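Report on the structure
Listed here are the chains, written in short residue letters.
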Amino acid sequence: MEKKSLKEAETLRVMRIKNGVVIDHIPQGKAPEVLDILGIDESFSDTVTIAMNVPSSVYGKKDIVKVENKKIKASELSHIALIAPTATVNVITNFKVVRKENVKLPKKITGSICCPNPNCITNKEREPVETVFIVRETDPLVLSCKFCERNLTSVTLI
């Protein structure tokens, strides 16, 4: 039997993908939300790898999501930034990283978050108004409803 070095034994062994995306540095426990944002469910036919609670020297623990044959949209990136502001996205082509970027929150988020204020105009049935939130702070996250000015510090995507 071949003896492995300590470094090899501690290495995370996950199948490489030929083409697709790898989303790394996701806060611990947020990988399922990232899958929701990407629209990945049981009907998705390509390979999806989820690693949760992976040791990280920077974050303590993190999650990683790999999705084969997936192209990521700008709207998906901004939604991921809402729940995983530390995430990095690696675009893979022919087993190589061809682009790496940190997710960024846009200055304004439209139609993705429901305002928790029941009196906000966005929650009135007679006035169908799409929600608009302004990003006030990024760390910690603070969003403000454009209409009622209610501040949010955590989000649930619509």
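For the structure given in this document, a descriptive report is provided here. As the structure is a prediction and not an experimental result, all values here were calculated from the model.

**Overview of the overall build of the protein**
For the protein, the helix and strand inventory stands at three helices and nine strands. Put simply, the protein runs from its N terminus to its C terminus through helices and strands in the order α-β-α-β-β-α-β-β-β-β-β-β. When the backbone C-alpha atoms are referred to their principal axes, the protein occupies close to 70 × 30 × 25 Å. Taken over 158 residues, the protein has a buried fraction of 36%. As presented, the protein carries roughly 10400 Å² of accessible surface, and 50% of it is formed by carbon and sulfur atoms. For the protein, the separation between the mean place of its 24 positive charges and that of its 19 negative charges on side chains is 5 Å.

**Side note on the sheet that holds strand E1 (residues 20–27)**
With antiparallel pairing, the five strands of this open sheet are ordered in space as E2-E3-E1-E4-E5. The outermost strands of the open sheet, each flanked by one partner alone, are strand E2 (48–56) and strand E5 (96–102). Taking the axes of each pair of neighbouring strands and ignoring which way they run, one obtains an average angle of 20 degrees across the sheet. Here E2 pairs with strand E3 (residues 60–68) via seven bridges, running antiparallel. Looking at the pairing, Ala 51 lines up with Ile 64 of E3.

**Structural notes on the pattern of salt bridges**
The final tally for this structure, using the stated rule, is four salt bridges. Note that Asp 24 and Lys 62 form a salt bridge whose closest N and O atoms lie 3.1 Å from each other. One end of the pair, Asp 24, is in strand E1; the other, Lys 62, is in strand E3, and 38 residues separate them in sequence. By the burial criterion, Asp 24 is buried, and Lys 62 matches it. Of the charged contacts, one joins Glu 101 and Arg 99 as a salt bridge, the two residues approaching to 2.9 Å between their closest N and O atoms.

Cut-off values and rules
- Residues numbered from 1 in each chain as written.
- Predicted model: local features only at pLDDT ≥ 70, side-chain atom pairs only at ≥ 80, totals over all residues.
- Heavy atoms only, no water.
- Helix = DSSP H or I, 4+ residues; strand = E, 2+ residues; numbered from the N terminus.
- Buried < 20%, exposed > 50% of the residue type's maximum accessible area, 1.4 Å probe, protein only.
- Areas by Shrake-Rupley, 256 points an atom, 1.4 Å probe, with all protein chains shown as cover.
- Lys, Arg positive; Asp, Glu negative; His and termini not counted.
- Charge placed at Lys NZ, Arg CZ, Asp CG, Glu CD.
- Pairing = 2+ DSSP bridges.
- Axes fitted to C-alpha atoms, helices over the stretch in contact; angles between N-to-C directions.
- Salt bridge = Lys/Arg side-chain N within 4 Å of Asp/Glu carboxyl O.

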